[in-house]
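Each chain, letter by letter, is given below.
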Amino acid sequence: MADGLPVIVAVFIVAYFASHKTELYDLVNYMNTMFKWRSAHGLTNMTMWQSYKTAKTFAYLYTACTLFSVATYALLPVIAYLLFEKPLQHWIYMDVTNNFHLFLILIRQCMSQVFVGLAVGQLGVFFACHSILLCGQIDLLCCSLQNVRFTALMLRGVQHGALVKQYRGIEQEERHNYLYNKSEMVDSHYHYDEKVNIQFKKTSQFDIYSSEYEDATCAALRECAQVARVIKSYKDRFESFVSPLLVLRVVQVTLYLCTLLYTTSEKFDMVTVEYLAAVALDMFVYCYFGNQITLQSDRVSSSAYYSGWYCCGKRGRRLLLHVLLSHHRSVLVRAGRFLPMNLHTFLKILKTSFSYYTLLVNVNEK
């Protein structure tokens, strides 16, 4: 089972992506068409560049680590056999006396390990990159929501420099509010992804409590609500697509960690220990980035609270209350629509694997 389980999972993953490619294309197309690249025109502004760069860097690094792990597991036993005449590992089920046979076995093993490593590893890359971009879009929503009153003022002709003079400290307050993007106190020429075209006369005089900005504030809040709906819709689509695969990975990793622990306890081997760490790390990726989505979604309510609601009138406060109520529950990505992917679930997987390992040891001792 320990040898065959990763191959079965890898085949299922590839078959799932092949049979659900329409849903995959729809998911990617929805992100490309509906996600915003820039935040609302406000005192502080941000783009999705940093989260995009982080996702791209992670994809390259994780793929390189996957290939290194595969090479370690597949090549080291053969190198040890050729250089030091150590016995070959359990995955070679024959006595090798011919160099040509050894070459064929090495090629077969390398190809199968690359297939398994890339299939399972790229699923982790897919989940992590989409999670990073989703968190980046939530960062953008939080920035737009926190600047909603400033957006109203600037779209009514108030100069950015006049706001900076009075509210310069906001940039420091926002420094640690975002996960993957960074807000900057610069005058952007864009309101979301459209060029700003202000019809009002520029002025440096303003009263932030004035009711003349109420209509613009309500309009800005409605645009934030629209971004929030896009995020929720994308999260539902993303969860629907990856949920069956997450269930498969949770079950496979739980059983595989158990068998690897048992193998290591019977015969200590550094290659097996390295593979054990790689399997645990792979599961940690899903739980960590699922946890990041939950953490960042909880900050939407805080951003709404710090949006200068006390400057708004009744209509603005009512709209803001709707935004708060729509985010009173944490956003969770679930495996099988029932198991949340977070760090608590990762600890539960490790505990369950160790419990199965203890049971296996006790049964074999009897």
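Quick caveat: nothing in here was measured; it's all calculated off a predicted structure.

**Q** Could you clarify how one ought to interpret helix α1 (residues 4-19) in this entry?
**A** Helical geometry: 3.6 residues make up each α-helical turn, so side chains three or four residues apart lie on a common side. Its 16 residues place the ends of α1 22 Å apart at the C-alpha level, agreeing with the 22 Å of an ideal helix rising 1.5 Å per residue. Listing the buried residues of α1 in full gives L5, P6, V9, A10, I13, Y16 and F17. Angular distribution of buried residues about the axis of α1 spans 135°; they occupy a single face of the element. For α1, the exposed residues set more than 90 degrees away from the buried face come down to I8, A18 and S19.

**Q** Hey, could you run me through helix α2 (residues 21-34) in this one?
**A** Here α2 spans 20 Å end to end across 14 residues, near enough to the 20 Å set by a 1.5 Å rise per residue. Of all the residues in α2, the buried ones are L24, L27, Y30 and M31. Angularly, the buried residues of α2 cover 125° about the axis, an arc narrow enough to put them on a single face. Opposite the buried face of α2, by more than 90 degrees, sit the exposed residues T22, Y25, N32 and T33.

**Q** Which parts of the structure should I look at to understand unusual backbone geometry?
**A** Across the chain, the bulk of peptide bonds are trans and the bulk of non-glycine residues have phi less than zero. The phi torsion at Y192 lies on the positive side, around 60°, for a residue other than glycine. With respect to the helices and strands, Y192 occurs in the loop between β1 (190-191) and β2 (194-195). With a relative accessible area of 6%, Y192 lands in the buried category. Even without glycine at this site, R337 takes up a positive phi of about 65°. Within the fold, R337 resides in the loop between β3 (334-335) and β4 (339-340).

**Q** In this structure, what is going on with a nonpolar patch on the surface? I would like to understand it.
**A** Taken together, the side chains of Y209, Y305, Y306, W309 and Y310 make up a nonpolar region of the molecular surface, amounting to roughly 640 Å² of accessible area. Assignment of secondary structure puts Y310 in the loop between α9 (270-305) and α10 (314-326). A relative accessible area of 47% means that Y310 is categorised as partly exposed.

**Q** Can you walk me through the UniProt feature "transmembrane region" (unreviewed entry) in the protein in this structure?
**A** As annotated in UniProt, the feature "transmembrane region" (unreviewed entry) corresponds to residues 58-84, 90-107 and 114-134 in the numbering used here. Secondary structure across residues 114-134 divides into 100% helix and 0% strand, with the first and last C-alpha atoms of the span separated by 29 Å.

**Q** It is not clear to me how the packing of aromatic side chains should be interpreted in this structure. Could you clarify?
**A** A ring pair, where both rings are aromatic, is described by two values, the distance of the centres and the angle of the planes. Following the criterion strictly, the structure yields 22 aromatic pairs and no others. Ring centres 5.5 Å apart and planes at 70° place the aromatic pair F17 and F241 in the edge-to-face group. Taken together, the residues span a long stretch of sequence, with F17 in helix α1 and F241 in helix α8 (residues 214-266) at a distance of 224 residues. The pair F17 / F241 is uniform in exposure class, with both members buried. Between the aromatic rings of Y305 and Y306, the centroid separation amounts to 5.2 Å while the plane-to-plane angle is 85°, which identifies the pairing as edge-to-face.

**Q** Would you mind showing me how to read the pattern of salt bridges here?
**A** Pairing is possible between side chains of opposite charge, provided their charged atoms come close. Per the stated rule, a full pass over the model turns up 7 salt bridges. Put simply, R149 and E214 hold a salt bridge, and the shortest N to O gap is 3.9 Å. A residue pair is termed long-range when its members are at least 10 positions apart, and R149 in helix α5 (residues 148-155) and E214 in helix α8 qualify at 65 residues. By relative accessible area, which is 2% here, R149 ends up buried. Take E214: its relative accessible area is 9%, and that puts it in the buried class. A salt bridge links R315 to D215; the nearest nitrogen and oxygen atoms lie 2.3 Å apart. Remark: D215 occurs in helix α8 and R315 occurs in helix α10; sequence separation between them is 100 residues.

**Q** Quick question: what am I supposed to make of the side chain of S297 here?
**A** In this fold, S297 is placed in helix α9. From its side chain, S297 meets the backbone nitrogen of V331 in a polar contact 3.3 Å long. Here S297 is in contact with I138, S330 and V331, once residues within four sequence places are set aside.

Definitions and cut-offs
- Residues numbered from 1 in each chain as written.
- Predicted model: local features only at pLDDT ≥ 70, side-chain atom pairs only at ≥ 80, totals over all residues.
- Heavy atoms only, no water.
- Helix = DSSP H or I, 4+ residues; strand = E, 2+ residues; numbered from the N terminus.
- Expected span 1.5 Å × (residues − 1).
- Buried < 20%, exposed > 50% of the residue type's maximum accessible area, 1.4 Å probe, protein only.
- Arc of directions from axis to C-beta.
- Patch = residues over 30% accessible without salt bridge, like charges linked within 9 Å, V, L, I, M, F, W, Y side chains within 5 Å.
- Areas by Shrake-Rupley, 256 points an atom, 1.4 Å probe, with all protein chains shown as cover.
- Salt bridge = Lys/Arg side-chain N within 4 Å of Asp/Glu carboxyl O.
- UniProt positions renumbered as here; feature names shortened; annotations may be inferred.
- Phe/Tyr/Trp six-rings, centres within 6.5 Å; stacked < 30°, edge-to-face > 60°.
- Polar contact = N/O pair within 3.5 Å; in protein donor to acceptor, adjacent residues only side chain to side chain.
- Contact = heavy atoms within 4.5 Å.

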